[in-house]
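# Structural overview for review
Listed below are the residues making up each chain.
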Amino acid sequence: MISVEFRGFAWRHAGRLASAVADVDLRIEPGERVLLLGPSGSGKSTLLAALAGLLTTDSGEQTGAVLLDGADAADQRGRVGILFQDPETQLVMARSGDDVAFGLENQAVPPAQIWPRVDQALETVGFPYGRERGTDALSGGEQQRLALAGVLARRPDLILLDEPTANLDPEGAKAIREGLRTALADTEATLIVVEHRVADILDLVDRVIALGPGGALAADGTPEAVFGEHGDSLAAQGVWVPGAPLPVRPSGDAGEVRLRGEGLTLAYPGADRSALDGVDLELRAGELLAVTGPNGSGKSTLALLAGGLEKPTAGRARVPGERTGLHRLPAKRLATHVGTVFQDPEHQFVTATVRDELAFAPRAAGWESERIEARVSELLERLRLDRLAGANPHTLSGGEARRLSVAGALAAAPGTLILDEPTFGQDRRTWGELVDLIADIRDDGTALMAVTHDRDFAAALAGRELALDQGKATEEATRC
Amino acid sequence: MLTLAPVCGPQAPIARVNPVAKLFAVAAISATALIAADWLTPLLLLAAIFAVVPFSGIRFGPLVKRLKWLWLAAATVVVVNTVFAAEQTGAILFSLGPLEISAGALTAGAALGLRVCVAATAGVLGFATTDPTDLADALTQQLRTSPRFTIGSLAALRMLPLLAAEWRQITTARRARGLEGGRNPVRRAKLFASTMFALLVGAMRRAGRLAAAMDARGFDSGIPRTRAREQRMSPPDWIIMVAAVAVCAIAVGLSAAYGVFRFLS
Amino acid sequence: MPPIDSSPPAPDRGALAAFLAPTGRWRTVDIVTCAVLAVAFSIVFWAWNFVWAGIDPLFKFFPPLSAVIYGLWLIPAVLAPLIVRKAGAGIFTEGLAALMSLLLGSPYGITVIYQGLLQGLGGDLAFASGRYRRYGVPIAMLGGALAGFGGTMWDVLYWYPTFDLWAFKVPYVAIAMVSGAIVAGLGSKALVKAMQPTGVLDRFPAGRERARI
Ligand SMILES: Nc1ncnc2c1ncn2[C@@H]1O[C@H](COP(=O)(O)OP(=O)(O)OP(=O)(O)O)[C@@H](O)[C@H]1O
Ligand SMILES: Nc1ncnc2c1ncn2[C@@H]1O[C@H](COP(=O)(O)OP(=O)(O)OP(=O)(O)O)[C@@H](O)[C@H]1O
Ligand SMILES: [Mg+2]
Ligand SMILES: [Mg+2]
């Protein structure tokens, strides 16, 4: 149990003119369970980092104070546990058990108590393997659980969770929430959780705090009060208010086949089974194919093969007019047929500013400069990246980076576009803009494939759905 | 491919030796090989090393795979040091135009190759059988190295497969956006440079996040850490260290007795 | 005239502390950054071996010339101190990169560690000679040259002991030092400059000077 207080808090990241958050005045009482909401880029991750004592003077400029039980947060690190937005980089050790033990060693827990506490934490989160399991042999969902165990084992007084279920399949997300519920039942710790998709997490919290753009306080109170009184204005600002209607853009008639995958198969070196096993697919002009399935079922692998970026073990992907498989085409030629957006946005970026990133594809396609200028400005504005036009793509928030990588591929879309998880980490408003942009180019005749865990996205846009499980296509259904 | 896969199972006798003891044995043997410039001392050391292998639990296949390149390097050392030797002494064994190879140069070259062979083989035996986590534990506990530096390095080592995968991903991403080296060597070198830069920036970014994650879990809190995994020196570890020194002494002694020992080159 | 005193003044702790004062304490991010750089370079070296295999035959006509690209192996010894600005950063990073390649299975065996330490020491000496206050182009080039000196001294003693002194050893060491000064020295300065706008140097003194957006 610990009380949390922001007093006139503002933070400016080094290298930025504008503050990420400003004038935050907020008090959270010991033991409260709080959901922190706000549009993408409003500074939620920044606030959590401040509470964890990770915003040091060498990384930016702070005004005001962040107090935990009245003391500076930087001196209270031992009492805070934080789960970051990206699970991969928060695992420290090579073996799962050692990783959980790492935090306990730092806390000077007596050696005899360490392993019992490790085992207990692993059990709480439902970690399916033993302590010896290598941390690099875990899927995204398992990594997330392990990281959560590392947080819980230290028995922090303040638990901070940053989008704990983004990128997880619905099953995995549910498992994480279950683990969390068990853990919270027998601690009195204060909890702050950031999550865009509100509906699932509401029963874990008793207070909702909504930030507006720039970190200004937009609403504060019990879930019922916040969504009851401010529901409409929050929805307008981009909060996923439960029950608010979402846009739907049904597809028109599908045109000719633009890309055909025949028996696509890939076994990664050293793996005991194929990540993808004999999958056929067809992408047609003016239609979006949604690819769904649990974590590790081979969706991203399919995206790589269909995009001609990986050499299949068997089968091939082809486009009409080319005699060889896509993976054999030189990169320049490939880019005129198919564009791909990766699951991890950071891998996508090849230039040093947001603006150049958007202009890259139109330039390569030989557009004249006024047209490029117009397109770039339109995208910047619609996706609310205009403030960040000069920023380096790698300094964006999680959601901003995702939007940029999708927009970069949409800017001058070739005939076929393959998107891997295009909507994760988006607030409702940017989500709506992305859906509209994608629908626009689809209706202009682009053939699309989108890998997604986002049911709403598939419902809004998809003409057909391809479900994968363990590398095989389980069903292919027409939607609508 | 880049891996840290050890050449033996975790239960193999050699994998259970304290890493510091192994480190000491490897250092002693390769130091001896370094100060000896004759051919007999390294040959004896090599024989001693191979006498140990059957009892170590090392799998033969993976070991040979690792050693293949090392021995190739050793063979190159023999060749270049023989062919390019500054002075050719003794009987001429071979001559072709300006190229002459003498018995003296060949013996000297072979001695150098054997020396490389000893250092390389001992290194593989010592390091390819050691789990990095165990090594770090032993370094902090037996050699009292700074836990912050040791554990920090260990955490970075975990990034190795991630960064190796990232290298491939960067290449793929560039292909997706129409950038590729093709056969043109200049373009290839340019793309190599830009990929290397992207990797470095990615690595720096990961380092920042990893450091934040470690600090968030109290790494730099100033409290002396406790240790979940105990590494200790058991009698067999001491025996191994003493045996390594003994082997070195015997090798030097024998070659001195035969009158071939030479100190340094 | 001051009285002649043959014994040099004992370097007391205060003097050493004052000497090292500009570098300050190693933060976690300094340690991890150096260590991750070492890991990244062990991968770069590994990938470079493939590129190198294609260029190598070009140097056969004059063997010492193979030292021309020596500088690539010395980058960590200069780049790490330039970024973190801590005493010992060169030795730590270059030594760790060597240890790493040993764990990966280096064709050079345990001797890469000694060689790595020598190279790192060369780099660190240069920054120490600038009293850990100067991080400009001259010091960086000196660092690269000294790292090259350290590394090639090992080479000529261990790998090429029988080679001729003037025909091989001297030009080899000299070329490697020039290569170190250019590739590792100037190259690291260029790398730092290119990294500045990416924001990854924000937490380091080297990244402070960039323009704001
Ligand atoms: N390292 C950084 N350097 C510079 N600016 C940054 C950095 N990290 C974040 N920002 C900026 O600070 C602002 C707030 O970012 P933050 O990550 O806190 O947003 P967020 O609310 O968590 O968004 P999301 O929901 O998209 O994750 C953004 O405009 C972002 O571009
Ligand atoms: N580079 C790789 N090397 C080895 N195995 C891999 C590699 N990439 C993926 N895999 C394995 O292949 C399988 C399919 O992975 P893929 O990334 O295609 O899954 P996914 O359906 O996209 O999952 P998610 O929803 O978590 O993104 C998984 O079991 C994964 O562990
Ligand atoms: Mg965030
Ligand atoms: Mg995926």
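Residues numbered from 1 in each chain as written. Chains lettered and ligands numbered in written order. Predicted model: local features only at pLDDT ≥ 70, side-chain atom pairs only at ≥ 80, totals over all residues. Heavy atoms only, no water.

### Concerning the overall build of chain A
Definition in use: Counting from the N terminus, the helices are DSSP H or I runs at least four residues long and the strands are E runs at least two residues long. Each residue is assigned to one of three classes by its accessible area relative to the maximum for its type, calculated with a 1.4 Å probe on protein chains only: buried under 20%, partly exposed between the two thresholds, exposed over 50%. The contact criterion used is simple: two residues touch if any of their non-hydrogen atoms lie within 4.5 Å. The protein chains shown are the only cover counted for residues, whose accessible areas, like all others here, come from Shrake-Rupley with a 1.4 Å probe.
Counting secondary structure elements, chain A contains 13 helices and 19 strands. Principal-axis analysis of the C-alpha atoms places the extent of chain A at approximately 70 × 50 × 40 Å. Counting across all 480 residues of chain A, residues that qualify as buried make up 58%. Of the contacts made within chain A by residues no fewer than 6 positions apart, 69% connect residues no fewer than 24 positions apart. Surface summary for chain A: the accessible area is close to 17,900 Å², and the carbon and sulfur share equals 48%.

### With respect to the state of the cysteines
Residues and elements named next belong to chain B. Formally: Counting rule for disulfides: a pair of cysteine sulfur atoms within 2.5 Å.
By the definition in use, this model includes zero disulfides over all chains. The thiol of Cys117 is not disulfide-bonded; the next cysteine sulfur, from Cys248, is found 16 Å away. On the accessibility criterion, Cys117 (10% relative accessible area) is buried. The buried category is assigned to Cys248, whose relative accessible area is 7%.

### A look at the coordination of the magnesium ion (ligand 4)
Residues and elements named next belong to chain A. As a reminder, the rule being used: Distances decide who is a donor: an N, O or S atom must be within 2.8 Å of the metal, or within 3.2 Å for Na, K and Ca. Water is not included, so sites may look incomplete.
Each protein donor to the magnesium ion (ligand 4) is listed here as Ser300 (OG) and Gln343 (OE1); together their distances run 1.9 to 2.1 Å. Here Ser300, found in helix H7 (residues 299–306), pairs with Gln343, found in the loop between strand E15 (338–341) and helix H9 (354–364); they are 43 residues apart in sequence, far enough to count as distant. Of the residues examined, Ser300 reaches a relative accessible area of 25% and is grouped as partly exposed. Take Gln343: its relative accessible area is 29%, and that puts it in the partly exposed class.

### Describing the pattern of salt bridges
Our working definition: We count a salt bridge whenever a side-chain nitrogen from Lys or Arg sits within 4 Å of a carboxyl oxygen from Asp or Glu.
Under the definition given, this model contains 46 salt bridges over all chains. Arg206 of chain B is paired through a salt bridge with Glu166 of chain B; the nearest N and O atoms lie 2.8 Å apart. Placement of Arg206 of chain B in helix H8 (residues 185–216) and of Glu166 of chain B in helix H7 (residues 159–176) is noted, with a sequence separation of 40 residues between them. On the basis of relative accessible area, Arg206 of chain B is assigned to the buried category, the value being 9%. When salt bridges with common partners are traced through the structure, they connect Arg249, Arg375, Glu378, Arg382, Glu433, Asp436, Asp440, Arg442 and Asp443 of chain A into a single cluster.

### A closer look at the sheet that holds strand E14 (residues 314–318) of chain A
Residues and elements named next belong to chain A. The following threshold applies: Pairs of strands are assigned from DSSP output, requiring at least two bridges between the strands. Orientation is described by lines fitted to C-alpha atoms, with helices fitted over the stretch in contact, and by angles between N-to-C directions that extend from 0 to 180 degrees.
Ordered by their spatial adjacency, three strands build an open sheet running E12-E11-E14, and the pairing between neighbours is antiparallel. The sheet is open, and its two borders are formed by strand E12 (276–284) and E14, each paired with just one other strand. Averaged over neighbouring strand pairs, the angle between their axes works out to 10 degrees when direction is ignored. Examined bridge by bridge, strand E11 (residues 257–266) and E12 share six bridges and lie antiparallel to one another. Pairing of Val257 across the sheet is with Arg284, part of E12. Of the strands in this sheet, E11, E12 and E14 are in contact with H7, which crosses E11 at around 125 degrees.

### Some words on the pairing of strand E3 (residues 33–37) of chain A
Residues and elements named next belong to chain A. Most of E3 is tucked away, with five of its five residues classed as buried. Burial along E3 is two-sided: Arg33, Leu35 and Leu37 facing one way and Val34 and Leu36 facing the other are all buried. One ladder, built from four bridges, connects E3 with strand E8 (residues 190–194); its direction is parallel. Along E8, the bridge assignment pairs Arg33 with Leu191. Pairing of E3 with strand E9 (residues 207–211), which is carried by four bridges, proceeds in the parallel orientation. Paired with Val34 across the two strands is Arg207, which belongs to E9.

### Remarks on the side chain of Arg442 of chain A
When you line up the elements, Arg442 of chain A lands in helix H12 (residues 428–443). Setting aside chain neighbours within four positions, we find Arg442 of chain A in contact with Arg249, Pro250, Ser251, Gly286, Glu287, Leu288, Leu448 and Leu461 of chain A.

### A look at the packing of aromatic side chains
Think of a pair of aromatic rings as described by two things: how far the centres are apart, and how the planes are tilted against each other in angle. Condition: A pair of aromatic rings is counted whenever rings of Phe, Tyr or Trp (Trp by its six-membered ring) have centres within 6.5 Å, and the orientation is called stacked for planes under 30 degrees apart, edge-to-face for over 60 and tilted otherwise. Whether a charge sits over a ring comes down to the Lys NZ or Arg CZ being within 6 Å of the ring centre and within 35 degrees of the ring normal.
Taken as a whole and assessed by the stated rule, the structure comprises 11 aromatic pairs over all chains. Put simply, the rings of Phe149 of chain B together with Trp26 and Phe92 of chain C touch in pairs and so form one group of aromatic residues. Over the ring of Tyr129 of chain A we find Arg133 of chain A, and its NZ or CZ is 3.8 Å from the ring centre.

### A closer look at the site of ligand 1
All names here are of chain A. Cut-off, in case you're wondering: Whether a residue is near a molecule or strand depends on its heavy atoms: if one lies within 4 Å, it is near. Nitrogen and oxygen atoms within 3.5 Å of one another constitute a polar contact, given that in protein one can donate a hydrogen and the other can accept it, and given that sequence-neighbouring residues count only through two side-chain atoms. When residues are sorted by character, Ala, Val, Leu, Ile, Met, Phe, Trp, Tyr, Cys and Pro go into the nonpolar class, Asp, Glu, Lys and Arg into the charged class, and all the rest, Gly among them, into the polar class. What marks off one domain from the next here is an automatic or database domain assignment.
As a matter of local geometry, ligand 1 sits amid 21 residues, with Ser40, Ser45, Thr46, Ser397 and Glu400 nearest to it. Between an oxygen atom of ligand 1 and a side-chain N or O atom of Ser40, the distance comes to 2.6 Å. Thr46 is positioned with one of its side-chain polar atoms (N or O) 2.5 Å from an oxygen atom of ligand 1. For ligand 1, whose accessible area on its own is 640 Å², the fraction buried by protein is 88%. Its residues placed into classes, the shell around ligand 1 shows three nonpolar, 13 polar and five charged. Both domains that meet at the shell around ligand 1, namely domain 1 (4–237) and domain 2 (257–479), each give it at least three residues.

### Considerations on the packing of helix H3 (residues 60–83) of chain B against helix H4 (residues 103–127) of chain B
Residue and element names in this part refer to chain B. Using the following cut-off: When describing relative orientation, an angle under 35 degrees is termed roughly parallel and one over 145 degrees roughly antiparallel, while 65 to 115 degrees is termed roughly perpendicular and anything else oblique. What makes a crossing left-handed is the near helix being turned counterclockwise from the far one by less than a right angle; a clockwise turn instead makes it right-handed.
In contact at an axis separation of 8 Å, H3 and H4 are set at 155 degrees when each is read in the N-to-C sense. Considering their axes alone, H3 and H4 lie roughly antiparallel with respect to each other. Crossing handedness for the pair H3 and H4: right-handed. From H3, Leu63, Arg66, Leu67, Leu70, Trp71, Ala74, Val77, Val78, Asn81 and Thr82 reach across to H4, where they touch Ala105, Leu106, Gly109, Ala110, Leu112, Gly113, Val116, Cys117, Ala120, Thr121, Val124 and Leu125. Among the residues making up the contact of H3 with H4, the classes are represented as 16 nonpolar, five polar and one charged.

### Looking at the site of ligand 2
Residues and elements named next belong to chain A. Inspection of the region around ligand 2 gives Tyr268, Ala275, Pro294, Asn295, Gly296, Ser297, Gly298, Lys299, Ser300, Thr301, Gln343 and His453 as its neighbouring residues. Separating an oxygen atom of ligand 2 from a side-chain N or O atom of Thr301 is a distance of 2.5 Å. Taking His453, its side chain carries an N or O atom lying 3.0 Å from an oxygen atom of ligand 2. Here ligand 2 loses 63% of its free accessible area of 640 Å² to cover by the protein chains.

### A closer look at the UniProt feature "domain: ABC transporter" (unreviewed entry) in chain A
The cut-off we apply is this: UniProt positions are given in the numbering used here, feature names are shortened, and annotations may be inferred rather than shown by experiment.
When the UniProt feature table is mapped to this numbering, "domain: ABC transporter" (unreviewed entry) covers residues 4–239 and 259–480 of chain A. Helix makes up 33% of residues 4–239 of chain A and strand 25%, and the two end C-alpha atoms of the span are 24 Å apart.

### Notes on the UniProt feature "transmembrane region" (unreviewed entry) in chain C
Residue and element names in this part refer to chain C. UniProt records the feature "transmembrane region" (unreviewed entry) at residues 31–55, 61–84, 96–117, 137–160 and 172–192, using the numbering of this structure. Summarising residues 137–160: 96% helix, 0% strand, and an end-to-end C-alpha distance of 32 Å. As annotated, residues 172–192 comprises 100% helix and 0% strand, and the C-alpha atoms at either end are separated by 28 Å.

### Re the domain arrangement of chain A
All names here are of chain A. Keep this limit in mind: The term buried area denotes the loss of accessible surface (1.4 Å probe radius) that occurs when two parts are joined, taken as the sum for both partners.
According to the domain assignment, chain A contains domain 1 (4–237) and domain 2 (257–479). Domain 1 puts 16 residues into the contact, and the matching count from domain 2 is 24 residues. Across the domain 1/domain 2 interface, buried area totals approximately 1,600 Å², and carbon plus sulfur atoms make up 40% of it. When the buried surface of domain 1 facing domain 2 is broken down by residue, Arg16, Ser40 and Asn167 rank first, second and third, together holding 35% of it. Linking Asp456 and Arg197 is a salt bridge whose minimum nitrogen-to-oxygen distance equals 3.2 Å. Per-element accounting of the side of domain 1 that touches domain 2 gives the leading share, three residues, to helix H6 (residues 223–237). A per-class count over the side of domain 1 that touches domain 2 returns six nonpolar, six polar and four charged.

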